Protein chains: 4
Amino acid sequence: MTLDALPSLLLRTRAHSLALAAPLSDEDAQLQSMPDASPAKWHLAHTTWFFETLVLVPHLPGYRVFDERWPRLFNSYYESLGPRHARPQRGLLSRPSLAEVKAYRQHVDAALAMLLPQADDAARHLIELGCHHEQQHQELLLTDILHAFSCNPLLPAYDASAPASISPPEQTWLQHPGGIVDIGHAGHGFAFDNESPRHPTLLAPFEISSRLVTCGEYADFIAAGGYQEPLLWLSDGWAAVQAQGWQRPLYWLEDGRVFGLHGAQAMDAQAPVTQLSFYEACAFAEWAGARLPTEFEWEAASGLPGFAQAADQAWQWTRSSYAPYPGFKPAAGAVGEYNGKFMVGQQVLRGGSGATPPGHARPSYRNFFPPAARWQFSGVRLAR
Amino acid sequence: MTLDALPSLLLRTRAHSLALAAPLSDEDAQLQSMPDASPAKWHLAHTTWFFETLVLVPHLPGYRVFDERWPRLFNSYYESLGPRHARPQRGLLSRPSLAEVKAYRQHVDAALAMLLPQADDAARHLIELGCHHEQQHQELLLTDILHAFSCNPLLPAYDASAPASISPPEQTWLQHPGGIVDIGHAGHGFAFDNESPRHPTLLAPFEISSRLVTCGEYADFIAAGGYQEPLLWLSDGWAAVQAQGWQRPLYWLEDGRVFGLHGAQAMDAQAPVTQLSFYEACAFAEWAGARLPTEFEWEAASGLPGFAQAADQAWQWTRSSYAPYPGFKPAAGAVGEYNGKFMVGQQVLRGGSGATPPGHARPSYRNFFPPAARWQFSGVRLAR
Amino acid sequence: MTLDALPSLLLRTRAHSLALAAPLSDEDAQLQSMPDASPAKWHLAHTTWFFETLVLVPHLPGYRVFDERWPRLFNSYYESLGPRHARPQRGLLSRPSLAEVKAYRQHVDAALAMLLPQADDAARHLIELGCHHEQQHQELLLTDILHAFSCNPLLPAYDASAPASISPPEQTWLQHPGGIVDIGHAGHGFAFDNESPRHPTLLAPFEISSRLVTCGEYADFIAAGGYQEPLLWLSDGWAAVQAQGWQRPLYWLEDGRVFGLHGAQAMDAQAPVTQLSFYEACAFAEWAGARLPTEFEWEAASGLPGFAQAADQAWQWTRSSYAPYPGFKPAAGAVGEYNGKFMVGQQVLRGGSGATPPGHARPSYRNFFPPAARWQFSGVRLAR
Amino acid sequence: MTLDALPSLLLRTRAHSLALAAPLSDEDAQLQSMPDASPAKWHLAHTTWFFETLVLVPHLPGYRVFDERWPRLFNSYYESLGPRHARPQRGLLSRPSLAEVKAYRQHVDAALAMLLPQADDAARHLIELGCHHEQQHQELLLTDILHAFSCNPLLPAYDASAPASISPPEQTWLQHPGGIVDIGHAGHGFAFDNESPRHPTLLAPFEISSRLVTCGEYADFIAAGGYQEPLLWLSDGWAAVQAQGWQRPLYWLEDGRVFGLHGAQAMDAQAPVTQLSFYEACAFAEWAGARLPTEFEWEAASGLPGFAQAADQAWQWTRSSYAPYPGFKPAAGAVGEYNGKFMVGQQVLRGGSGATPPGHARPSYRNFFPPAARWQFSGVRLAR
Ligand SMILES: [Fe+3]
Ligand SMILES: [Fe+3]
Ligand SMILES: [Fe+3]
Ligand SMILES: [Fe+3]
């Protein structure tokens, strides 16, 4: 990253987190509605802890840790960085207050500003990583507060403005000839370790949809009895349908409205369906006589003319489980825990969503969640 | 209740709840650390809902419900008063805010003030009930915030002042001759329905301790291996010890300090041991060669000279399960759900604690909790 | 017990267990359908282990333990007698085989026969206790195999003969004047420690039904919406109704038949309703405008003229929780674990059932089960 | 399959199941030690039901179903074939007896013998499928009874003969040059649908071990603290280690012996380590500075000279999740539920074990289990 770009990225990223939290009250910012989600306040603090622990402590001589009791509160899952407060209990941290967490952010921002001019390549790389890390948490902050609000019978709106209506492009099948394609991150820009090494992959010819599945199409699936027909579902998916009584997407209300960042709104039949699990995505594809693309097909096709809604509407479940690329090596040290240890039991999503910070995603980007996860901005692009 | 006393009780009670919540931040007031506990904000709102629903709506002509969406949020367990927000999710109600709940309190207080001069006997009785109901929640507010704070590794102090040290009276065995004693509420003052009807009970002669078991005595039990000796425990109690790894009272820290409303403090060997389960109380008594009194013995003995620490330190587990008195009839209507439906699976506690509002308890008062409950101000008085 | 009676009791008891197991295949005898139930084979072995461990080892010089690896398999819950195979895994003991367990029984029977003529009072008392213990397990053997069979869609009949039809006595309310009555075991016959000490209790006047509630009466409760009306239920009971989807007694089939030892049979409206939980018993009583008797009322009333179906149809839930009588002291040693440690969280049942071995029950007998237990021969006698 | 081979395969397969069950008592044959395992009796009946339902009913005119109540008992997971007895309750089916199940087998065998000479291609294909299906259950019968026996403190031996000692080949790294290789079933022999379509795959050059990891090598991993070092483990794996207290492979006893079909035996340091989960396999590989092969690498390497212990010792976990091959289409009808619906959340194992029936496995064979599964004959072959 050029000398000029890093301070700008850092400033922009740090400011964006605060902007995202701005509509939230102190009480909102503390909500944790399930073990998989975290409070907004925790996201604000954890991303700050990441800079403090991985950048400032090792790279800024004389840096004073803001509060020595806090790292155990805001370490997420780094075994090599000491003990951690239990994840399901993040919502119990009324102290430190949101104001104190904001002071923590200022303390760390000031130290980062001091470090930047003198940072060596290793430190600069870690600062850049910290920014992309924080961008990931920006999307999570939104998905998590949305889930928390969905648990409140008052159904508060994160953003009281009216949602934009969406005119999707026409659905067409884009042709890909297959063959050997290079997959993974290329060039000099930032990428996470899980996008490497770039490597050739052999694909059979395939077709992929020009756009995402819409709410209207998904409503047809429901109306056709999709949630009652076991033969459409993977076995684990059908078990989830039965055990948890799934009848529609997580945020589709019984009264026909759809809950989202703008509160409960009339269902927009043209908008991409989101907040689907992998199981629901697969069942829909089966019903539609199609399938999900692999992550390699997705990446190969993402440059095709007509490939719309690539990264601005919803992450797109792929038929690929999250696994290391050939020759993948996690980084040494704590940063090595960032991605590699999660490479089992999850499905890859590609693309990006309306909640993804601008500039964060790229065609080689690999998002991942367990197949039952329903609270993300996750949708479906069909292949065949 | 005399004409003068009711307004005073109402004012005092309503003010005391706010005073108890005063040290809490908006974030603190929203904490729910387990399904059995409720947020302070919820206690403030629920007690207000109780007045609104049971007093104002039926008895104040023209009363306007503060917000029609709120009763489902703040109804606790009254099946006859409509659907309820799930108890384990009370901590997810960031909206309404604490400020809005305080406005709700003002709205209801104003309406109660308008009603009071014109209230008939039925309404006056319900207002009095609402006050005693709110007093119960005042103690719960403290026990619940204490539990929530105990889940925070920073161990915040609800009250940063130093705790008072306690000089317990000498331990002696008070003699009771037994015989037929009248049990239950007498006279004209307020009592809950579960304290009636007053009825004669036949007791064998017994001895009861002049004071509660101290922390020092309980520490001896631990040091003697009390938590490792199954033969001291009831079968369910031993199962709890093993399944949950009990090794000391809930708030005794590994470092020897004891957590409480004043934060983590050195253990005071003279202070009554509190936050014990019934199982621990029974095991201690067994180890000490004694037993717990029945609730009838407790009530009969409470008037004996020398009966100290009756209602100011800790509720005292009794060997009596919570059951209806002979001839008990719950009130008609929603108020009938107040007590009667909980009369199984719980043990009676008698007395009162330092967290009990002044004037709330009386010798016939029956508190009750499941035998595994550990987060109350509950202690032990021995009998034999 | 007289010199002549003990051998006869022992022989009769030991033979009766085998007779009860006679209709069972090796596979049947191994069934364990839930943690609370045990396989028939285990009952046969555990009762034998009881004699071996508590009688033969300490009292018959030179006694050789049948297999040193078995005590850990067949010790039920005696902490003082060493480690135990986990209760929920009793059904996994295909070895030893049923044939080997029968050989174990013969080995122990032979040793008991050798001991009997030379047994001192202590040994004789323990043999008598072992017989009454085995009788308890005889009823459990039946309740447990019935539950296991109820889990098989083929609904096997334990006894393929036709059930006897029952002509219940007329329902009348028997009057009891109350007053001081003596409760607990009297006289010289055998009784369990939990029936002592005999002690005076003060009762208010009450009425009690001459007979048990019938299936027809219970069907009226169901038809009247009893399982849909929360106000009829204790809070814990209603939670069970909802969490487990209760709609009728455990063995009432959807097709209107009732499952029992004789297989699925047409419902007999005249027969006492059985296999009810305490919660269902209480809800029925509430609906019927009555209540359950306390165990003291039951015992006091059991000698009234007209008190029918006392001990031959179904155990009768009482409103009393299982607690120690005043002055209760468990026996020293392992036998002390027999009853006392279960004295919390359970309700007392009085009477006896068609599955109770002849001569086992008596008016002072205290059976006990948790309030949610539904698989026993448990029914309802109303009081008011 | 040639006209001659099918009857022979059928006879051999049906006889082998009975031979495997021969050492089991009626009681043994009913054991179900966990929801994922099934009783031996159930395996015998289910494989028979498979022939009855998929072959005889549609293809043998006049075939009489053995017992119309049984299909619901022995249907495993075929949604299209009607309701099923709940999987975790298979061990509760004492009826039908083992003898009745054997009679069921004879009835179906006789009908198959009648059908064989007149069977058309479709029927012949289904009979062949039924044989391979039954062979799969033969291995499961052994893994499941082994697990059940491991839950019995007596640790019964399925086979009381002494285990063969194993002299493993020398460990060397076999080189594979990578490139485009064809993966999947080729030729005319039987294969499951999940091995198709055969398709080209591009591999990078890699090395793979000549043999499996031995118990001695795995013991070194344990001695080096492998089960205490989180950084060696996948995140889900470490969670399993902690939640379930893993300290060694499932059947390694605390006393240093290893439990297996021959009972508890001294650990053979030369023998391949088995009964490992995928998590343990990955952690070992990480510790050893290697990795697991993908299923494509495994298949490509399986023909290399020196590739030992391919299919006779233990299935080998691969780094590949179980997913459809490009162009995979499940068969129409109930048979389509055989494989496809399980293609999520599982890892592929390749090779075969000592419990795999002769002739069952092949290089393209894809076995699959969830990553936490520990009760299979599953081991480790390293790659790098
Ligand atoms: Fe993070
Ligand atoms: Fe309340
Ligand atoms: Fe027993
Ligand atoms: Fe099968």
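Above this note sits the structure.
This is a predicted model, so every value here is computed, not measured. (Residues numbered from 1 in each chain as written. Chains lettered and ligands numbered in written order. Predicted model: local features only at pLDDT ≥ 70, side-chain atom pairs only at ≥ 80, totals over all residues. Heavy atoms only, no water.)

Student: So what exactly am I meant to see when it comes to the relation of the copies chain A and chain B here?
Tutor: Look at the two chain copies: a rotation about an axis and a shift along it is all it takes to match them. Each copy superposes on the other: chain A lies on chain B with an RMSD of 0.0 Å after a rotation of 180° and an axial shift of 0.0 Å. Both chain copies can therefore be described as sitting about a two-fold axis. Considering only C-alpha atoms, the residue of chain A closest to the rotation axis is glutamate 27 of chain A, which sits at 2.5 Å. Most of the interface of chain A is mirrored in chain B, where 100% of its interface residues are also at the interface. (Least-squares fit on C-alpha atoms with pLDDT ≥ 70 in both. Contact = heavy atoms within 4.5 Å.)

Student: Can you walk me through the interface of chain A and chain B in this structure?
Tutor: The parts lose accessible area when they come together, and the size of an interface is often stated as this lost area. Chain A puts 29 residues into the contact, and the matching count from chain B is 29 residues. Across the interface of chain A and chain B, roughly 2,400 Å² is buried in total on both sides, 55% from carbon and sulfur atoms. The largest contributions to the chain A side of the interface with chain B come from Glu27, Arg95 and Leu154 of chain A, which together make up 31% of the buried area. Our enumeration of links across chain A and chain B arrives at four salt bridges. Note that glutamate 27 of chain B and lysine 41 of chain A form a salt bridge whose closest N and O atoms lie 2.9 Å from each other. Run the count over chain A and chain B and you get twelve residue pairs in polar contact (both at pLDDT 80 or more). Counted by class, the side of chain A that touches chain B contains 13 nonpolar, nine polar and seven charged residues. (Buried area = accessible area lost by both parts, 1.4 Å probe. Salt bridge = Lys/Arg side-chain N within 4 Å of Asp/Glu carboxyl O. Polar contact = N/O pair within 3.5 Å; in protein donor to acceptor, adjacent residues only side chain to side chain. Nonpolar A, V, L, I, M, F, W, Y, C, P; charged D, E, K, R; others polar.)

Student: For this particular structure, what's the right way to read the coordination of the iron ion (ligand 2)?
Tutor: The expected angle between donors at a tetrahedral four-coordinate metal is 109.5 degrees. At an octahedral six-coordinate metal it is 90 or 180 degrees. Residues and elements named next belong to chain B. In this structure, His46 (NE2), His133 (NE2) and His137 (NE2) serve as the protein donors to the iron ion (ligand 2), at separations of 2.2 Å. Motif for the iron ion (ligand 2), donor spacing along one chain: H-x86-H-x3-H. Of the two residues, histidine 133 and histidine 137 are both situated in helix α5 (residues 121-150); the distance of four residues between them amounts to about one turn of the helix. (Donors = N, O, S within 2.8 Å, 3.2 Å for Na, K, Ca; no water. Helix = DSSP H or I, 4+ residues; strand = E, 2+ residues; numbered from the N terminus.)

Student: Sorry, what's going on with the interface of chain A and chain D here?
Tutor: Every contact between the two is made by 26 residues of chain A and, on the other side, 26 residues of chain D. For the pair chain A and chain D, the summed buried surface comes to about 2,000 Å²; carbon and sulfur atoms form 68% of the total. Counting residues per element, the ones that place at least two in the side of chain A that touches chain D are β3 (199-203), α7 (235-244), α8 (278-287) and β7 (315-321) of chain A. Along the lines of polarity and charge, the residues of the side of chain A that touches chain D split into 15 nonpolar, six polar and five charged.

Student: Please explain the arrangement of the chains as it appears in this structure.
Tutor: As for chain C relative to chain A, no contact occurs, and the smallest C-alpha gap between them is 13 Å. One thing to see here is that chain B and chain D don't touch, and their nearest C-alpha atoms sit 13 Å from each other.

Student: Teacher, can you tell me more about the side chain of glutamine 376 of chain A here?
Tutor: All names here are of chain A. Among the secondary structure elements, glutamine 376 is positioned in the loop between β9 (367-369) and β10 (378-379). Polar contacts involving the side chain of glutamine 376 include one to the side chain of threonine 143, which spans 3.3 Å. With residues up to four places along the chain from it excluded, the contact list for glutamine 376 reads Leu140, Thr143, Gln275 and Phe369.

Student: What exactly am I supposed to notice about the coordination of the iron ion (ligand 1) here?
Tutor: All names here are of chain A. Of the protein atoms, only His46 (NE2), His133 (NE2) and His137 (NE2) coordinate the iron ion (ligand 1), at distances of 2.2 Å. In terms of primary sequence, the donors binding the iron ion (ligand 1) are separated according to H-x86-H-x3-H. Of this pair, histidine 46 sits in helix α2 (residues 40-59) while histidine 133 sits in helix α5 (residues 121-150), placing them 87 residues apart in sequence. Owing to a relative accessible area of 3%, histidine 133 belongs among the buried residues under this scheme. (Buried < 20%, exposed > 50% of the residue type's maximum accessible area, 1.4 Å probe, protein only.)

Student: Would you explain the packing of helix α2 (residues 40-59) of chain B against α5 of chain B in this entry?
Tutor: Between two packed helices, the angle of one axis relative to the other and the distance separating the axes together describe the packing. Residue and element names in this part refer to chain B. Where α2 contacts α5, the two axes come as close as 9 Å, and the packing angle between them is 170°. With respect to their mutual orientation, α2 and α5 come out roughly antiparallel. When the residues that make up the contact of α2 with α5 are grouped by side-chain class, the tally is 15 nonpolar, seven polar and two charged. (Axes fitted to C-alpha atoms, helices over the stretch in contact; angles between N-to-C directions. Parallel < 35°, antiparallel > 145°, perpendicular 65-115°, else oblique.)

Student: For this particular structure, what's the right way to read the sheet that holds strand β8 (residues 347-350) of chain A?
Tutor: Strands in a sheet are paired, the pairing made by backbone hydrogen bonds, and the direction either parallel or antiparallel. Residues and elements named next belong to chain A. Strand order in the open sheet formed by four strands is β9-β8-β7-β10, and the pairing between neighbours is mixed. Either end of the sheet is taken by a strand with one partner, and the two such strands are β9 and β10. As defined by bridge partners, β7 adjoins β8 across three bridges and the pair is classed as antiparallel. When the sheet's bridge partners are listed, glutamine 316 is paired in β8 with arginine 350. (Pairing = 2+ DSSP bridges.)

Student: Before we go on, may I ask you to explain the nonpolar core in this structure?
Tutor: A general feature of soluble globular proteins is that nonpolar side chains tend to end up buried together. With 96 residues, the main nonpolar core has Ile127 and Trp233 of chain A as its most contacted residues. Looking at this core, the element that brings in the most residues is α5 of chain A, giving eleven residues. Apart from the residues within four sequence positions on either side, tryptophan 233 of chain A is in contact with Phe221, Gly226, Tyr227, Trp238, Val241, Tyr279, Glu280 and Ala283 of chain A together with Lys341 of chain D. (Core = buried A, V, L, I, M, F, W, Y, C linked by side-chain atoms within 4.5 Å.)

Student: Can you help me understand the relation of the copies chain A and chain D in this one?
Tutor: With an axial shift of 0.0 Å and an RMSD of 0.0 Å, the rotation relating chain A to chain D amounts to 180°. A symmetric contact is evident, with 100% of the interface residues of chain A recurring at the interface of chain D.

Student: Would you mind going over the packing of aromatic side chains with me for this structure?
Tutor: Ring pairs (aromatic) are described by centroid distance and by the angle formed between their planes. Scanning the entire structure with this criterion turns up 128 aromatic pairs over all chains. Aromatic pair tyrosine 77 of chain A and phenylalanine 342 of chain A: ring centres 4.7 Å apart, planes at 75°, arrangement edge-to-face. Highlighted residues: tyrosine 77 of chain A in the loop between α3 (71-74) and α4 (98-115) and phenylalanine 342 of chain A in the loop between β7 and β8, separated in sequence by 265 residues. Take tyrosine 77 of chain A: its relative accessible area is 24%, and that puts it in the partly exposed class. The exposure class of phenylalanine 342 of chain A is buried, given its relative accessible area of 14%. Ring centres of tyrosine 322 of chain B and phenylalanine 368 of chain B lie 4.0 Å apart, and the angle between their planes is 10°; on these two criteria the pair is classed as stacked. Of the two residues, tyrosine 322 of chain B is situated in the loop between β7 (315-321) and β8 (347-350) and phenylalanine 368 of chain B in strand β9 (residues 367-369); the sequence distance between them amounts to 46 residues. Judged by its relative accessible area of 1%, tyrosine 322 of chain B is buried. (Phe/Tyr/Trp six-rings, centres within 6.5 Å; stacked < 30°, edge-to-face > 60°.)

Student: It is not clear to me how unusual backbone geometry should be interpreted in this structure. Could you clarify?
Tutor: The general pattern is negative phi for most residues beyond glycine and trans for most peptide bonds. Look at the link from serine 196 of chain C to proline 197 of chain C: it is a cis peptide, with omega at -10°. Positive phi, normally seen in glycine, also occurs at glutamine 309 of chain B, with a value near 55°. The phi torsion at leucine 155 of chain D lies on the positive side, around 45°, for a residue other than glycine. Assignment of secondary structure puts leucine 155 of chain D in the loop between α5 (121-150) and β1 (173-176).

Student: Where do I start with the environment of alanine 29 of chain A in this structure?
Tutor: Residues and elements named next belong to chain A. By secondary structure assignment, the location of alanine 29 is in the loop between α1 (5-21) and α2. Along the backbone, alanine 29 and leucine 98 are 69 residues apart, and their C-alpha atoms lie at a distance of 7.4 Å. Once you skip the residues sitting within four places of it in the chain, alanine 29 turns out to touch Leu24, Pro39, Ala40, Lys41 and Leu98.

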